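Spelled out from the first residue to the last, the chains are:
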Amino acid sequence: MKVLANDGISQSGVDALKSKGFEVITTKVAQEQLENYINENKVDALLVRSATKVRKELIDACPSLKLIGRGGVGMDNIDVAYAKEKGLHVINTPAASSASVAELVFAHLYGGVRFLYDANRNMPLEGESKFGQLKKAYAGGIELRGKTLGIIGIGRIGQETAKIALGVGMKVVVFDPFIDDVTIPLEFFDGQKVEFSIKTISKEEVLKQADFLTLHVPAQKEYVLGKKEFEIMKDGVGVVNAARGGVIDEVALIEALDSKKVSFAGIDVFENEPTPAIKVLMHPKISLTPHIGAATGEAQDRIGVELADQIGELLK
């Protein structure tokens with residue numbers, strides 16, 4: 001059986017699939033050429049990340065396909081219900097990248113409270129001539145310890161983010177419309193373990209209490225954070241989105257940054273990928289990354305092996 005990993009797969013994933021008897025193709029096929037390639041090569045399983053789209057037209061046109069796999073969590077680039085109606089297996093790896101996304105959230109948070117997003121732009125330009133002025137400009141940083149982190153969505157990634165926050169010494173408040181309470185286990189290097197029980201509260205209360213906000217929700221039809229939500233937040237809040245583009249109203253975010261309602265934002269996902277709005281890319285108070293939440297070697301290794309295990313169970 002043939003597996004086409006169109007958006008790439010880790011070597012550990014390739015090795016795991018080959019050990020189970022699958023032929024693995026890692027050729028990157030352009031979207032418009034995908035139908036012909038799958039049919040000519042009689043591909044059984046198509047693996048994607050976020051770049052390749054698997055819509056009903058492709059599913060209908062490729063009768064050899066038995067399985068579609070998403071290396072990651074969100075599957076908004078796949079017509080999941082339609083694929084299942086047609087008898088295809090649809091799989092993803094919801095747990096494999098959680099820790100990596102959570103660490104990126106804190107990369108943005110730590111960079112935000114110490115102005116790294118701006119210092120890294122200005123030091124190369126003015127560090128030699130205006131060192132003193134820059135030192136003064138970036139001298140008003142704050143610590144995360146003791147502050148309140150609001151988490152909207154306490155699934156796997158939200159829980160991993162909460163673990164880091166608790167370890168840092170932050171208070172954690174949570175909103176999730178589907179979960180009433182959650183137990184967060186903190187496991188340490190020497191085998192010690194502590195468990196924290198957190199009860200979810202209303203979205204409005206999270207917005208009111210949080211010094212920093214991070215979103216961990218799937219793609220939505222409406223904004224999770226829009227003009228109304230920004231008005232409820234504390235003055236000077238920091239906001240991070242490493243979930244999905246379109247869950248934050250970027251126009252409202254820019255207005256909130258300009259009015260100083262929001263002190264900084266960390267954005268990994270955008271409304272208009274892969275061509276984010278210039279106003280977002282150029283804003284001096286936004287820390288930017290190009291949708292790399294799951295892009296660590298460890299996460300990709302876990303994703304590859306997890307996909308291989310699922311494919312082995314379903315197609316053998």
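Residues numbered from 1 in each chain as written. Predicted model: local features only at pLDDT ≥ 70, side-chain atom pairs only at ≥ 80, totals over all residues. Heavy atoms only, no water.

Draft legend 1. Summary view of the overall build of the protein chain. On a plain count of helices and strands, the protein chain comes out with 13 helices and 13 strands. Its C-alpha radius of gyration of 22 Å places the protein chain within 12% of the 20 Å reference for a compact globule of 316 residues. A burial count over the protein chain gives 48% of its 316 residues as buried. Summarising the internal contacts of the protein chain: among those between residues at least 6 apart in sequence, 59% fall at separations of at least 24. Distance between charge centroids for the protein chain: 2 Å, based on 38 positive and 43 negative side chains. (Helix = DSSP H or I, 4+ residues; strand = E, 2+ residues; numbered from the N terminus. Rg over C-alpha atoms; globule rule 2.2 N^0.38 Å. Buried < 20%, exposed > 50% of the residue type's maximum accessible area, 1.4 Å probe, protein only. Contact = heavy atoms within 4.5 Å. Lys, Arg positive; Asp, Glu negative; His and termini not counted. Charge placed at Lys NZ, Arg CZ, Asp CG, Glu CD.)

Draft legend 2. Structural view of the side chain of Ser64. Take Ser64: it is sitting in the loop between α3 (56-61) and β4 (67-70). The buried category is assigned to Ser64, whose relative accessible area is 17%. The contacts of Ser64, once residues within four sequence positions are left out, are Ile38, Lys42, Val43 and Asp44.

Draft legend 3. Seen up close, the sheet that holds strand β10 (residues 212-215). Reading across from one edge, β7-β6-β10-β11-β12-β13 is the order of the six strands in this open sheet, with parallel pairing throughout. Of all strands in the sheet, those bounded by a partner on one side alone are β7 (171-175) and β13 (286-288). On average, each strand axis in the sheet is tilted by 15° relative to the strand beside it, whichever way the strands run. Judged from the five bridges that link them, strand β11 (residues 237-241) and strand β12 (residues 262-267) form a sheet pairing that is parallel. Considered in β12, the bridge of Asn241 is made with Ile267. Lying on the sheet, helix α6 (residues 116-126) is in contact with β12 and β13; it crosses β13 at an angle near 80°. Lying on the sheet, helix α11 (residues 250-258) is in contact with β12 and β13; it crosses β12 at an angle near 140°. (Pairing = 2+ DSSP bridges. Axes fitted to C-alpha atoms, helices over the stretch in contact; angles between N-to-C directions.)

Draft legend 4. Structural detail: the layout of surface pockets. Approximately 180 Å³ is the volume attributed to the second largest pocket. Around the second largest pocket sit Gly112, Val113, Phe115, Tyr117, Gly140, Gly141, Ile142, Phe212, Gly236, Ser263 and Phe264, which together line it. Residue assignment for the lining of the second largest pocket shows that the elements contributing at least two residues are α5 (98-113) and β12. (1 Å grid on protein atoms, 1.4 Å probe; cavity = no way out; pocket = protein on both sides within 12 Å on 5 of 7 lines; lining within 4 Å. Points joined across faces, edges and corners; volume = space filled by probe spheres on them.)

Draft legend 5. Empty space enclosed by the protein, seen in detail. Considering all chains together, one arrives at two cavities of 30 Å³ or more under this definition. Here the largest cavity is characterised by a volume of approximately 60 Å³. Every residue lining the largest cavity is listed: Gly8, Ile9, Ser10, Leu47, Val48, Arg49, Gly71, Gln300, Ile303, Gly304 and Leu307. Going through the elements one at a time, β3 (45-48) and α13 (297-315) are the ones with two or more residues in the lining of the largest cavity. Of all the elements, α13 adds the most residues to the lining of the largest cavity, at four residues. Here the residues of the lining of the largest cavity are counted per class, giving five nonpolar, five polar and one charged. Taken as a whole, the second largest cavity spans an internal volume of roughly 40 Å³. Lining the second largest cavity are Asn241, Arg244, Gly245, Gly246, Ile248, Glu250, Ile267, Val269, Phe270 and Glu271. Within the lining of the second largest cavity, the residues separate by chemical class into four nonpolar, three polar and three charged. (Nonpolar A, V, L, I, M, F, W, Y, C, P; charged D, E, K, R; others polar.)

Draft legend 6. Broad picture of the sheet that holds strand β2 (residues 23-25). With parallel pairing, the five strands of this open sheet are ordered in space as β2-β1-β3-β4-β5. Each end of this open sheet is capped by a strand with a single partner; those strands are β2 and β5 (89-92). The mean inter-strand angle of the sheet, taken between neighbouring strand axes irrespective of direction, is 20°. Pairing analysis gives four bridges linking β3 to β4, with the strands arranged parallel. By the bridge assignment for β4, Val48 is matched with Arg70.

Draft legend 7. The arrangement of the pattern of salt bridges in detail. One pass over the full model with this rule turns up 15 salt bridges. A salt bridge links Lys193 to Glu195; the nearest nitrogen and oxygen atoms lie 3.9 Å apart. With a shortest N-O distance of 2.9 Å, Lys261 and Asp235 are connected by a salt bridge. With Lys261 in the loop between α11 and β12 and Asp235 in the loop between α10 (227-232) and β11, this residue pair connects regions lying 26 residues apart in the sequence. Exposure remark for Asp235: the relative accessible area of 66% places this residue in the exposed category. A single network of salt bridges, built from pairs that share partners, joins Glu187, Lys193 and Glu195. (Salt bridge = Lys/Arg side-chain N within 4 Å of Asp/Glu carboxyl O.)

Draft legend 8. Region of the structure containing the nonpolar core. Of all hydrophobic cores here, the largest spans 28 residues; its most connected members are Ile152, Leu213, Leu225, Phe230, Met233, Val239 and Ile248. Taken together, the elements giving at least two residues each to this core come down to β7, α9 (203-209), β10, β11, α11 and β12. Top element by residues in this core is α11. It accounts for five residues. Those residues in contact with Phe230, other than ones at most four positions away along the chain, are Leu225, Val239, Ile248, Asp249, Ala252, Leu253, Ala256, Lys261 and Val262. Ile154, Val174, Phe212 and Val240 belong to the second-largest nonpolar core, a separate cluster that totals 26 residues. (Core = buried A, V, L, I, M, F, W, Y, C linked by side-chain atoms within 4.5 Å.)

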